[in-house]
Amino acid sequence: MTSSTTFQPVLERIAEEIERTPGRGRPADYIPALAACDPRSFGMAVAEPDGTVYGVGEWRRPFSAQSLTKVFTLALVLAREGDALWEHVGREPSGNPFNSLVQLEYENGIPRNPFINAGALVVTDRLHTRTGDASGELLSFLRAESGNQDLTFDKEVAASESAHGDRNAALGHFMASYGNIDNPVPVLLDQYFRQCSIAASCADLALATAFLARHGIRADGTRLLTLSQAKQINAIMLTCGTYDAAGDFAYRVGLPGKSGVGGGIIAVVPGRCTLCVWSPGLDERGNSVAGVAALDRFTTLTGLSVF
């Protein structure tokens, strides 16, 4: 695509193709608010570095961001701590389910990467130590970057996650036993569930992710991350961002991406654009079926990829 071409015709073509596609997977069923979603819902947005946004389908409908928020908390902590963060969490794909306890014991309470649940808990813990309100800091950042001051927490989703949060509590206590958690585990869990409950639209999240396409520069022109740090987050998204399907996602889509069980996926074309796609029907690995297919078509149709 030339720089003068808008993304709108591509998005419309993708939406038409997705509409004809049978089989969209199943919504996450452990959170009632997510289980009620129609798996055939679909929205997609593309944001250019200057803030121009294109969209199709339900691209302005808020949905549960869930694990997409892990990218933003990682950026906020990396900006504050730099390489010291990597003493507490690794940078390797896990190859195990996102809520696995087994690997933690082998590796002495140091999670494999920031995007599995254990790693995200460590990152949220460190942000809470630095700011005194990790979820509030995250929400302020997302409001500023998206330009949407109405973004907020979904109390129903947060309460539902808390009620089904025994595995996350186990991960937190286990890492605390190794000295890798600073805050009381109940405080950390409350922050983490609030973080995951944020509701935002494809437009909001594509805009909020754009600092990674701008190599670390925020919407107001200030620098959040160094060039190297922005590269590091994109690299971890590529290798670890879609649970234990990251290899297949890199093969099909060819972009740094992060998925969430709310059905959202964010993706980055460094220097060019950021994307968010939402469709709540998931595959067996927790990734949006239509979302992956749409991003696959986007990179095929535009030729935009990191490869």
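Please read these numbers as outputs of a predicted model, since none were measured by experiment.

(A) Structural view of the overall build of the protein. Check the secondary structure of the protein and you find 13 helices and eight strands. A burial count over the protein gives 58% of its 307 residues as buried. Roughly 12,000 Å² of accessible area belongs to the protein as shown, and the carbon and sulfur atoms make up 50% of that amount. Once the 26 positive and 33 negative side-chain charges of the protein are each reduced to a mean point, those two points are 3 Å apart.

(B) Representation of the pattern of salt bridges within the structure. Per the stated rule, a full pass over the model turns up eleven salt bridges. The partner of Arg13 in a salt bridge is Glu17, with the nearest N and O atoms 3.3 Å apart. Taken together, the positions of Arg13 and Glu17, both in helix 1 (residues 8-19) and four residues apart, correspond to about one turn of that helix. Between Arg61 and Glu58 there is a salt bridge, with the nearest N and O atoms lying 2.6 Å from each other. With relative accessibility at 36%, the residue Arg61 sits in the partly exposed group. Its relative accessible area of 29% is what places Glu58 among the partly exposed residues. Within this structure, Glu81, Arg126, Arg130 and Asp182 form a network of salt bridges that share partners.

(C) Just the packing of aromatic side chains, in detail. Taken as a whole and judged by the stated rule, the model has eight aromatic pairs. Each ring, one from Phe7 and one from Phe298, has its centre 5.7 Å from the other, and the planes form 35°; the classification is tilted. You can see Phe7 sitting in the segment before helix 1 and its partner Phe298 sitting in helix 13 (residues 289-302), a full 291 residues away along the chain. Taking the relative accessible area as the measure of exposure, Phe7 reaches 0% and is therefore buried. Here Phe141 and Phe211 contribute two aromatic rings whose centre-to-centre distance is 5.5 Å and whose plane-to-plane angle is 85°, an arrangement assigned as edge-to-face. Separated by 70 residues along the polypeptide, Phe141 in helix 6 (residues 134-146) and Phe211 in helix 10 (residues 202-213) bring together distant segments of the chain. Residues Phe141 and Phe211 agree in their burial class; the two are buried. An aromatic cluster is present here, built from Phe7, Tyr54 and Phe298 joined pairwise through their rings.

(D) Broad picture of the packing of helix 6 against helix 9 (residues 185-196). Two numbers describe how helix 6 lies on helix 9: the axes approach to 8 Å, and their chain directions differ by 20°. The pairing of helix 6 with helix 9 is recorded here as roughly parallel in orientation. Residues Ala134, Ser135 and Leu138 of helix 6 pack against Gln191, Arg194 and Gln195 of helix 9. Classifying every residue of the contact of helix 6 with helix 9 by side-chain character gives two nonpolar, three polar and one charged.

(E) Geometry of the UniProt feature "binding site: substrate" (unreviewed entry) in the protein. When the UniProt feature table is mapped onto this chain, "binding site: substrate" (unreviewed entry) is found at Ser67, Asn117, Glu161, Asn168, Tyr192, Tyr243 and Val261. In this structure, Ser67 sits in the loop between strand 3 (63-64) and helix 3 (69-81). Once residues within four sequence positions are removed from consideration, Ser67 is found in contact with Tyr243, Lys258, Ser259 and Gly260. One polar contact links Ser67 to Lys70, side chain to side chain, over a distance of 3.0 Å. With respect to the element layout, Tyr192 can be found in helix 9. Here Tyr192 falls in the buried class, since its relative accessible area comes to 2%.

(F) Representation of the pairing of strand 2 (residues 53-57) in the model. With five bridges connecting them, strand 1 (residues 43-47) and strand 2 associate as antiparallel partners. Across the sheet, residue Ala47 finds its bridge partner in strand 2, namely Val53. Taken together, strand 1 and the strand that follows it, strand 2, pair antiparallel across an intervening segment of five residues, in which Gly51 is found at a positive phi of about 95°.

(G) A look at the nonpolar core. In this structure, Phe72, Leu212, Leu225 and Ile233 are the most contacted members of the largest nonpolar core, which totals 63 residues. The element contributing the most residues to this core is helix 10, with nine residues. When sequence neighbours within four positions are dropped, the list of residues in contact with Phe72 reads Leu138, Phe141, Leu142, Leu205, Ala208, Thr209, Phe211 and Ile266. Core analysis: the next-biggest nonpolar cluster, separate from the first, contains 26 residues, Val10, Val269, Cys273 and Leu275 among them.

(H) Local environment of the side chain of Lys258. Along the chain, the position of Lys258 falls in strand 6 (residues 257-259). Buried and without a salt bridge, Lys258 has Asp244 as its closest oppositely charged side chain, separated by 10 Å. At 3.2 Å, the side chain of Lys258 and the backbone oxygen of Gly241 are in polar contact.

(I) Molecular detail of the side chain of Ser41. Tracing the chain through its elements places Ser41 in the loop between helix 2 (32-35) and strand 1. Looking at Ser41, the relative accessible area reads 5%, which means it is buried. Within the local environment of Ser41, its side chain forms a polar contact with the side chain of Glu58, the two groups lying 3.5 Å apart. Not counting the four nearest positions on each side in its chain, Ser41 is found in contact with Arg24, Glu58, Arg61, Trp278, Ser279 and Pro280.

Cut-offs used in this document
Residues numbered from 1 in each chain as written. Predicted model: local features only at pLDDT ≥ 70, side-chain atom pairs only at ≥ 80, totals over all residues. Heavy atoms only, no water. Helix = DSSP H or I, 4+ residues; strand = E, 2+ residues; numbered from the N terminus. Buried < 20%, exposed > 50% of the residue type's maximum accessible area, 1.4 Å probe, protein only. Areas by Shrake-Rupley, 256 points an atom, 1.4 Å probe, with all protein chains shown as cover. Lys, Arg positive; Asp, Glu negative; His and termini not counted. Charge placed at Lys NZ, Arg CZ, Asp CG, Glu CD. Salt bridge = Lys/Arg side-chain N within 4 Å of Asp/Glu carboxyl O. Phe/Tyr/Trp six-rings, centres within 6.5 Å; stacked < 30°, edge-to-face > 60°. Axes fitted to C-alpha atoms, helices over the stretch in contact; angles between N-to-C directions. Parallel < 35°, antiparallel > 145°, perpendicular 65-115°, else oblique. Contact = heavy atoms within 4.5 Å. Nonpolar A, V, L, I, M, F, W, Y, C, P; charged D, E, K, R; others polar. UniProt positions renumbered as here; feature names shortened; annotations may be inferred. Polar contact = N/O pair within 3.5 Å; in protein donor to acceptor, adjacent residues only side chain to side chain. Pairing = 2+ DSSP bridges. Core = buried A, V, L, I, M, F, W, Y, C linked by side-chain atoms within 4.5 Å.

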